[in-house]
Amino acid sequence: MLERTTDLREAERFIRLFHAENPQAGGLQARLRDVSRDVARHGTYTHTYEELEFGARVAWRNSNRCIGRLYWRSLKVRDRRQVSTAEGVALECVEHLRVATGNGRIRPTVTVLPPDTPALRGPRILNDQLIRYAGHRTQEGRIVGDRRNAELTDLAKALGWQGRSGRFDVLPLIIQPSLGDPLLCNLPGDAVLEVPLTHPEYQWFEELGLRWHAVPAISDMCLEIGGICYPCAPFNGWYMGTEIGARNFADADRYDQLKVVAERLGLDTSTERTLWRDHALVELNVAVLHSFERAGVTMTDHHTESRRFLTHLSREEKAGRVCPADWSWIVPPMSGGVTPVFHRYYDTSVLSPAFVHHRQPPSLPSAPRTWFG
């Protein structure tokens, strides 16, 4: 049994919000009575599809770390609450990537799998994103690939995954179902669109062998709607260039490519006063934006997205709603001071529905099954 039942106050607060923003739904009092009865009898209640769709979209609207919320109403909500097996979850994750990717025109998408109930936990995905590159530890103590994913890579190997020890090995999904053993899901190639990086001016850039995947699908957060936790609800928007160019490839605990690029550019790296990091960072981000555009894959730049966020903020204020934002996440990790989001303060309220980090799942058995998608 879980520790608690659904909080009826949270349920009622959400139902009132849903009806306030969807007056055509009608029957508020009748719906409140139904929810109250179900919580009293079963410890929880079931969202209608319309409530689920609205709740997921508002959770995106309330995401205080996301700069790309202008299009929250366009989120495609895939209701897969009936899928209970580990293989079913794996299939839905693969299909999510295919739907979200399209032919490069990325579609904001969330796939909602079974919730936690007083009787049974919902499934969980241990990976923080559906697509992650491995970080392989070598005998010399180095890490080949994405350093941040070294622990996840260790876990995948402990559960039987091999990998090729390359810099861009796509990790399998580690799925913990409601009941039974965990499942390793190897993502099929057609579900993972990748973009090789080139530069519009420097032909040598291609020799660095860098690439990145097209869909940033968060998979380890709980979608909380009206007191109900959906612990397996992978969701995605599209990338902002700096997420890849100024973080994934630039951070010292990721691919740490700034000095590599600076040396190929012939910059003086002997002193910080030459601003070699800044120069290399700009060229790295130019390559990311250029490559995604050349490949026909949706991506935005940090200047455009900053203006879009202020448009979203203005619309929310006109609608009489609070628009929470975490300044340290909204301001881009490159040239923040020349973007309009830098020069103001934001409301720091925590609103619901929301995507939140949930508690760690139960310990994994040592002998998972493997599913090849």
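Remember, predicted model here, so these are calculated numbers, not experimental data.

### Focus: the packing of aromatic side chains
Item 1. For the structure on display, the rule yields 15 aromatic pairs.
Item 2. When the ring of F168 is compared with that of Y255, the centres are 5.0 Å apart and the planes differ by 5 degrees; the resulting orientation is stacked. Residue F168 is located in the loop between α5 (150–158) and β6 (173–176), and its partner Y255 is located in the loop between α6 (241–248) and α7 (258–265); the two are separated by 87 residues in the primary sequence.
Item 3. Members of the aromatic cluster, joined through ring pairs, are Y133, F168, W212, F249 and Y255.
Item 4. The side chain of R61 reaches across the aromatic face of W72, ending 4.7 Å from its centre.

### A look at the packing of α6 against helix α8 (residues 276–295)
What describes two packed helices is the angle between their axes and the distance between those same axes.
Item 1. Remark: α6 packs on α8, axes separated minimally by 9 Å, with the N-to-C direction vectors making an angle of 140 degrees. Considering only the axes of α6 and α8, their crossing is right-handed. Every residue of α8 that contacts α6 at G241, T242, I244, G245 and A246 is listed here: L281, L284, N285, V288, L289 and F292.
Item 2. Residues belonging to the contact of α6 with α8 are distributed by class as follows: seven nonpolar, four polar and no charged.

### As for the packing of α7 against α8
Item 1. Interhelical geometry of α7 versus α8 gives an angle of 95 degrees and a closest axis separation of 9 Å. Accordingly, the angle class assigned to the pair α7 and α8 is roughly perpendicular. Every residue of α8 that contacts α7 at L258, K259, V261, A262 and L265 is listed here: W276, R277, H279, A280, L281, E283 and L284.
Item 2. For the contact of α7 with α8, the residue count by class is eight nonpolar, one polar and three charged.

### Side note on the pattern of salt bridges
Item 1. According to the stated counting rule, one finds 25 salt bridges in the structure shown.
Item 2. Note that R124 and D116 form a salt bridge whose closest N and O atoms lie 3.2 Å from each other. Each member of the pair, R124 as well as D116, carries the same accessibility label: buried.
Item 3. In this structure, a network of salt bridges that share partners links the residues E21, R61, E316 and R321.

### Looking at the environment of A214
Item 1. Within the secondary structure layout, A214 lies in the loop between β9 (211–213) and β10 (217–218).
Item 2. Judged by relative accessible area, A214 falls into the buried class, the value being 1%.
Item 3. If we ignore the near neighbours within four places in the chain, the residues touching A214 are I106, L193, Y239, F292 and V297.

### Concerning the UniProt feature "domain: Nitric oxide synthase (NOS)" (unreviewed entry) in the chain
Item 1. In this structure's numbering, the residues bearing the UniProt feature "domain: Nitric oxide synthase (NOS)" (unreviewed entry) are residues 65–72.
Item 2. With 0% helix and 0% strand, the stretch residues 65–72 has end C-alpha atoms that lie 14 Å from each other.

### Here we look at α7
Helical geometry: 3.6 residues make up each α-helical turn, so side chains three or four residues apart lie on a common side.
Item 1. Of the residues making up α7, those classed as buried are L258, V261, A262 and L265. Taken down its axis, α7 places every buried residue within 100 degrees of arc, on the same side.
Item 2. Elements that come into contact with the buried residues of α7 comprise α8.
Item 3. After α7 finishes, the residue G266 shows a positive phi value of roughly 80 degrees.

The rules behind each value
- Residues numbered from 1 in each chain as written.
- Predicted model: local features only at pLDDT ≥ 70, side-chain atom pairs only at ≥ 80, totals over all residues.
- Heavy atoms only, no water.
- Phe/Tyr/Trp six-rings, centres within 6.5 Å; stacked < 30°, edge-to-face > 60°.
- Helix = DSSP H or I, 4+ residues; strand = E, 2+ residues; numbered from the N terminus.
- Lys NZ or Arg CZ within 6 Å of the ring centre and 35° of its normal.
- Axes fitted to C-alpha atoms, helices over the stretch in contact; angles between N-to-C directions.
- Left-handed = near helix turned anticlockwise from the far one by under 90°.
- Contact = heavy atoms within 4.5 Å.
- Nonpolar A, V, L, I, M, F, W, Y, C, P; charged D, E, K, R; others polar.
- Parallel < 35°, antiparallel > 145°, perpendicular 65-115°, else oblique.
- Salt bridge = Lys/Arg side-chain N within 4 Å of Asp/Glu carboxyl O.
- Buried < 20%, exposed > 50% of the residue type's maximum accessible area, 1.4 Å probe, protein only.
- UniProt positions renumbered as here; feature names shortened; annotations may be inferred.
- Arc of directions from axis to C-beta.

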